[in-house]
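Notes for the structure review
Single-letter residue listing:
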Amino acid sequence: MKLDAKIPSGPLAEKWDRRKFEMKLVAPANKRKYRIIVVGTGLAGASAAATLAELGYFVDAFCFQDSSRRAHSIAAQGGINAAKNYQGDGDSIYRLFYDTVKGGDFRSREANVYRLAQVSAQIIDQAVAQGVPFAREYGGLLANRSFGGAQVSRTFYARGQTGQQLLLGAYSSLSRQIGLGMVNMHERTEMLDVVVVNGRAKGIITRNLKTGVIRRHLADAVVLATGGYGNVFYLSTNAIGCNVTATFRAYRRGAGFANPCFTQIHPTCIPVSGDYQSKLTLMSESLRNDGRVWVPKKKGDKRIPVEIPENERDYYLERKYPSFGNLAPRDIASRSAKQVCDEGRGIGESGLGVYLDFSDAIARLGEDKIRERYGNLFHMYQKITDENPYNVPMRIYPAVHYTMGGLWVDYDLQSTIPGLFVIGEANFSDHGANRLGASALMQGLADGYFVLPYTLANYLASTPREQVSVDSAEFAELEKSVRDRMYRLLSIKGKRSPASFHRELGSIMWEHCGMARNKDGLMKALRKIPELREEFYKNLLVKGGNEEFNQQLERAGRVEDYFEFAELMCMDALEREESCGGHFREEFQTDDGEARRNDERFKHVAVWEYKGDEKPVRHQEALEFETVQLATRSYK
């Protein structure tokens, strides 16, 4: 496997402009000769499909929801970062770039991150033009607030509905192109494999989730915008339908998978309340602007919060990280919450929770101001917990949220399979070992609106068109493979549901590859996962048939992929003998419990190559830091 990042030469601030000028173009009259497949229509996919169609390409867009408006991007509530410096508080493109590299614990590419910061301001202008109702100051300027890992206010927001509003903006652009006949939208359709012909991605195999019909789809290039793999843990903040199948199947066809162990634990989620739960609920990080995080100082103190006096409370983030306080980055805030709970100072019946208290902010600003900023989030919390956060502190605890790992891509967002592009959370490129809050929306829209349209055109213009048909042997063989897989899962006729296997796998992953990892635990997981997978193939029960609406069959295929992928995650975590960002190896920490990197051995991207029944091969892309000086990440 050859890893050529294709990073342009020259000064960092000029690399993207230089690359755009060097790229080959497709003339307007020639664009309609090409057909592009876009899988996933969240923020990254919808923006990419709409922009490519606006340019003149024909696009086939696919989503497994009944509408792209239901993509999981709507769950990103708090805001989107951009370097506009409306507040005049010292922000700049360079500071956004630096904060992102530092926040990722120096495990991301400088060039990609700087480009992200460069185009961030364009995203806001695009969204405003689409009618996205960002919050505004009294004078009319767009409002900003802070997010974790930054000491400036650069996060644009629409109350607590930013992801939803941005998705509606992208959806409106996509809908326009559907109406013009430039986008053929395939709802309730799941990609089950990517077709590679003569070494290039040329199409996909799909299954219609309503009818079970399996189809072949041909294109000149394929774009994956299918999100992350956090649901490998079963309980996460992701929608239940989110899965790894699209990217994992691409990995099996030759696409390198980068840094799969880099998963993010979000510190601000509603705690688990029982075994009946199938997902967890995220409370936006924006709440940490005005909410103060604390636990009792005494172990086992189960008094209600109003009975605990101020001098018996430990505002541990403010104590440990005075410069950033409650806006410490997510990985640090999550580990700190776990630490105080492990000490026996957690709140609630389970002891797995901490308080997020707004009483000081309400006293300072008034309840109306807090309601204006976070009203819908407070309403959601009260509906779920039956507790009024205006009167009592919220109860929160860390949960699996985002994944920084993903398919390896070069500077052009192309995977190791030519013609297969990967955007948004599905790729690894921008966040290193930890994503800063409000940067997911920024990356998804940057990739879709402002990067992919240039780089995809360069690929098309540089690649001679081949006469490929859906009747070719490659398509036929892969369709047969997909059908055989469906029938194999249906024919086991055991006694356990796909969900029961998923829950057990998730428990293994959370215990041994969750907030903290160690060698013994990872080795134990690598013994347990194959044993559970063996039982899966002996005792799985999927009722119904293939060519019909069958949600158990959908779930079984996704869980099957999670088994193999979970092993890959644990292998990656085991090989990376350091702590960085969301990857915390207990053997590698400082005396005061902070992450200890090993830049000499692990200043690289780990890229895994599929080798069938043999162990996958680990490749490395060295990371060069020419602009940012490597330093111990500190928020104190």
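Residues numbered from 1 in each chain as written. Predicted model: local features only at pLDDT ≥ 70, side-chain atom pairs only at ≥ 80, totals over all residues. Heavy atoms only, no water.

1. A short note on helix H7 (residues 245-252)
Burial analysis of H7 places seven of its eight residues in the buried class, which makes it a mostly covered element. Turning to H7, its buried residues number three or more, namely Thr245, Ala246, Thr247, Phe248, Arg249, Ala250 and Tyr251. Note on H7: the residue one or two positions beyond its end, Gly254, has a positive phi of about 125°. (Buried < 20%, exposed > 50% of the residue type's maximum accessible area, 1.4 Å probe, protein only. Helix = DSSP H or I, 4+ residues; strand = E, 2+ residues; numbered from the N terminus.)

2. Brief notes about the pairing of strand E6 (residues 189-197)
Of all nine residues in E6, eight are buried; the element is thus mostly enclosed. Sheet analysis places E6 next to strand E7 (residues 200-208), joined by eight bridges and oriented antiparallel. The partner of Val197 across the bridge, within E7, is Arg200. The hairpin turn running from E6 into E7, its antiparallel successor, is two residues long, and Asn198 in that turn takes a positive phi close to 50°. (Pairing = 2+ DSSP bridges.)

3. Some points on the pattern of salt bridges
For the coordinates displayed, the defined rule picks out 59 salt bridges. The shortest N-O distance in the salt bridge between Arg558 and Glu190 comes to 2.9 Å. Placement of Arg558 in helix H16 (residues 551-575) and of Glu190 in strand E6 is noted, with a sequence separation of 368 residues between them. Residue Arg558 shares its accessibility class with Glu190, and that shared class is buried. Taking the shortest distance from any N to any O, the salt bridge between Arg371 and Glu367 comes out at 2.3 Å. Linking Arg371 with Glu367, this pair stays in helix H11 (residues 367-385), spanning four residues, or about one helical turn. (Salt bridge = Lys/Arg side-chain N within 4 Å of Asp/Glu carboxyl O.)

4. Focus on the nonpolar core
Membership of the largest hydrophobic core comes to 181 residues, with the highest contact counts inside it found for Ile80 and Met509. Lining this core are residues from two domains, each supplying at least three of them: domain 1 (266-400) and domain 2 (479-611). Setting aside anything within four residues of it in sequence, one finds Ile80 in contact with Ile123, Ile124, Phe134, Arg154, Thr155, Phe156, Thr162, Leu166, Ala438, Leu441, Met442 and Leu445. Core analysis: the next-biggest nonpolar cluster, separate from the first, contains five residues, Trp294, Ile308, Tyr315 and Ile347 among them. (Core = buried A, V, L, I, M, F, W, Y, C linked by side-chain atoms within 4.5 Å. Domains from an automatic or database assignment. Contact = heavy atoms within 4.5 Å.)

5. Structural notes on unusual backbone geometry
Positive phi outside glycine occurs at Asn85, with the angle close to 55°. With respect to the helices and strands, the residue Asn85 is situated in the loop between strand E3 (80-81) and helix H4 (93-103). Look at Asn85 and you get partly exposed, because its relative accessible area is 30%. Of note, the phi angle at Asp105 is positive, near 55°, even though the residue is not glycine.

6. Focus on helix H1 (residues 15-22)
Within H1, the full set of buried residues consists of Lys15, Trp16 and Arg19. For H1, the arc enclosing every buried residue in end-on projection is 95°, short of the 170-degree limit, so these residues lie on one face. Next to the buried residues of H1 lie helix H5 (110-130) and helix H12 (440-462). (Arc of directions from axis to C-beta.)

7. Notes on the pairing of strand E1 (residues 35-39)
The buried fraction of E1 is high, at four of five residues. In this sheet, strand E2 (residues 58-62) lies alongside E1 in parallel orientation, the contact comprising five bridges. Note on E2: the bridge partner recorded for Ile36 is Val59. With helix H3 (residues 43-55) bridging E1 and its parallel neighbour E2, the resulting β-α-β unit is right-handed. Across four bridges, the pairing between E1 and strand E9 (residues 221-224) is parallel. Residue pairing across strands places Val38 opposite Val223, the latter belonging to E9. (Right-handed = clockwise from strand over helix to strand, strands pointing away.)

8. A closer look at the side chain of Lys320
Inspection of the secondary structure puts Lys320 in helix H8 (residues 316-320). Glu594 is the oppositely charged side chain nearest to the buried, salt-bridge-free Lys320, at an N-O distance of 5.1 Å. Side-chain polar atoms of Lys320 contact the side chain of Ser336, separated by 3.1 Å. Only 3.0 Å separates the side chain of Lys320 from the side chain of Gln339, close enough to count as a polar contact. Excluding its chain neighbours within four sequence positions, the residues that come into contact with Lys320 are Ser336, Gln339 and Lys636. (Lys, Arg positive; Asp, Glu negative; His and termini not counted. Polar contact = N/O pair within 3.5 Å; in protein donor to acceptor, adjacent residues only side chain to side chain.)

9. Structural notes on the domain arrangement of the protein chain
Size of an interface, as often reported, equals the accessible area lost when the parts are brought together. Taken domain by domain, the protein chain consists of domain 1 (266-400) and domain 2 (479-611). Taken together, the contact pairs 11 residues of domain 1 with eight residues of domain 2. Between domain 1 and domain 2, roughly 800 Å² of surface is buried when both sides are summed, and carbon and sulfur atoms account for 56% of that area. Three residues stand out in domain 1 for area buried against domain 2, namely Asp331, Arg335 and Lys338, and they jointly supply 51% of the buried area on that side. Summed over the shared surface of domain 1 and domain 2, the number is zero salt bridges. In this assembly, domain 1 and domain 2 are joined by three residue pairs in polar contact (both at pLDDT 80 or more). If you list the elements that add at least two residues to the side of domain 1 that touches domain 2, you get helix H9 (330-342) and strand E15 (394-403). Broken down by element, the residue count for the side of domain 1 that touches domain 2 peaks at four residues, all from H9. Class assignment of the residues belonging to the side of domain 1 that touches domain 2 gives a composition of five nonpolar, two polar and four charged. (Buried area = accessible area lost by both parts, 1.4 Å probe. Nonpolar A, V, L, I, M, F, W, Y, C, P; charged D, E, K, R; others polar.)

10. Focus on the packing of helix H14 (residues 498-513) against helix H15 (residues 519-539)
Relative to each other, H14 and H15 sit at 175°, their axes nearing to 10 Å. Judged by the angle between their axes, H14 and H15 are roughly antiparallel. Mapping the contact onto sequence places Phe501, Glu504, Leu505, Ile508, Met509, His512 and Cys513 in H14 and Gly521, Leu522, Lys524, Ala525, Lys528, Ile529, Leu532, Glu535, Phe536 and Asn539 in H15. (Axes fitted to C-alpha atoms, helices over the stretch in contact; angles between N-to-C directions. Parallel < 35°, antiparallel > 145°, perpendicular 65-115°, else oblique.)

11. So, the packing of aromatic side chains
For any pair of aromatic rings, geometry is given as the distance between the ring centres together with the angle between the planes. Counting across every chain of the model gives 27 aromatic pairs. Relative to Tyr610, the ring of Tyr251 lies with its centre 5.5 Å away and its plane at 70°, an arrangement referred to as edge-to-face. With Tyr251 in helix H7 and Tyr610 in the loop between strand E18 (604-609) and strand E19 (617-622), the pair connects residues that are 359 residues apart, well separated along the chain. For Tyr251, a relative accessible area of 3% gives the class buried. Residue Tyr610 is classed as partly exposed on the basis of its relative accessible area of 22%. Both rings, one in Phe378 and one in Tyr390, keep their centres 4.6 Å apart while their planes meet at 45°; by these two values the pair is tilted. Taken together, the positions of Phe378 in helix H11 and Tyr390 in the loop between H11 and E15 put the pair 12 residues apart, joining distant regions of the chain. According to the relative accessible area criterion, Phe378 is buried, its value standing at 1%. Among the aromatic residues, those joined into a ring-pair cluster are Tyr229, Phe248, Tyr251, Phe257, Phe565 and Tyr610. The ring of Tyr635 is capped by Lys102, whose NZ or CZ atom sits 4.4 Å from the centre of that ring. (Phe/Tyr/Trp six-rings, centres within 6.5 Å; stacked < 30°, edge-to-face > 60°. Lys NZ or Arg CZ within 6 Å of the ring centre and 35° of its normal.)

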